[in-house]
Amino acid sequence: MVIKWKDAYSCYDPAIDEQHKKMMDMINQMAEIVELNDDADHYDELLEIFNALKDYAVYHFSHEEKMFEESGYDSFNTKIQIHEHKGFINKVASINLYDLDENQMDTARNVLDFLSRWLDHHILVIDKKFGSFLEENTI
Ligand SMILES: [Fe+2]
């Protein structure tokens, strides 16, 4: 397990929290494969989870972006969020699948390191700000 849910991750919105938990589950599924640390070929499994996570991230980001609009979140913070989301999608798209196939464990470890750090920062620094805004602005 490389990332574990904690109360500090709560963004005061049940749907956003559930989506973050699901992303953590996917990251941890990849970690489980890496932790096997065997010589078997895990490319197909790794790729399947990785692709599922990419798709889910797109869904999650669009959910958040819709909420920014609906809740009247300020444009400065909305821009920061959208920039973060694009950065994640670009980074994930730039991961070399040839490396993931040829050098599976090292590449997967690097990917996991990036994903877990990114999600931790995304939640604690970026989404929490929106969560506090939601909390202050809902009755
Ligand atoms: Fe998020």
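In what follows, the accompanying structure is described. (Residues numbered from 1 in each chain as written. Predicted model: local features only at pLDDT ≥ 70, side-chain atom pairs only at ≥ 80, totals over all residues. Heavy atoms only, no water.)

Side note on the environment of Ala108
If you trace the backbone, Ala108 turns up in helix H5 (residues 104–137). Classification of Ala108 as buried rests on a relative accessible area of 0%. It is 25 Å that separates the C-alpha atoms of Ala108 and Asp17, two residues lying 91 residues apart in sequence. Not counting the four nearest positions on each side in its chain, Ala108 is found in contact with Val34, Leu46 and Leu100. (Helix = DSSP H or I, 4+ residues; strand = E, 2+ residues; numbered from the N terminus. Buried < 20%, exposed > 50% of the residue type's maximum accessible area, 1.4 Å probe, protein only. Contact = heavy atoms within 4.5 Å.)

Observations regarding the packing of helix H1 (residues 14–36) against helix H2 (residues 43–71)
Running from N to C, H1 and H2 cross one another at 165 degrees; their axes reach a closest spacing of 10 Å. Here H1 lies roughly antiparallel to H2, going by the angle between them. For the pair H1 and H2, the crossing hand works out as left-handed. Of the residues contributing to the contact of H1 with H2, the split by class is 16 nonpolar, 5 polar and 3 charged. (Axes fitted to C-alpha atoms, helices over the stretch in contact; angles between N-to-C directions. Parallel < 35°, antiparallel > 145°, perpendicular 65-115°, else oblique. Left-handed = near helix turned anticlockwise from the far one by under 90°. Nonpolar A, V, L, I, M, F, W, Y, C, P; charged D, E, K, R; others polar.)

Comments concerning the coordination of the iron ion
For the iron ion, the full set of protein donor atoms is His20 (NE2), His60 (NE2), Glu64 (OE), His122 (NE2) and Asp127 (OD), and the range of their distances to it is 1.9 to 2.3 Å. Counting residues between consecutive donors of the iron ion along the chain gives the motif H-x39-H-x3-E-x57-H-x4-D. In this pair, Glu64 is assigned in helix H2 and His122 in helix H5, connecting sequence segments 58 residues apart. Both residues of the pair, Glu64 and His122, count as buried. (Donors = N, O, S within 2.8 Å, 3.2 Å for Na, K, Ca; no water.)

A look at the side chain of His60
Assignment of secondary structure puts His60 in helix H2. In terms of polar contacts, His60 uses its side chain to reach the side chain of Gln19, at 2.6 Å. Side chain to side chain, His60 and Glu64 meet in a polar contact 2.7 Å long. Residues contacting His60, with those up to four places away along its chain left out, are Ile16, Gln19, His20, Met23, His122 and Asp127. (Polar contact = N/O pair within 3.5 Å; in protein donor to acceptor, adjacent residues only side chain to side chain.)

As for empty space enclosed by the protein
A full pass over the atoms with the stated rule returns 1 cavity of 30 Å³ or more. Counted as a void, the largest cavity has a volume near 40 Å³. Forming the boundary of the largest cavity are Met23, Ile27, Leu53, Phe88, Leu115, Trp118 and Leu119. Sorting the residues of the lining of the largest cavity by element identifies H1 and H5 as the ones contributing at least two each. Along the lines of polarity and charge, the residues of the lining of the largest cavity split into 7 nonpolar, no polar and no charged. (1 Å grid on protein atoms, 1.4 Å probe; cavity = no way out; pocket = protein on both sides within 12 Å on 5 of 7 lines; lining within 4 Å. Points joined across faces, edges and corners; volume = space filled by probe spheres on them.)

Any functional reading would require information that these geometric values do not contain.
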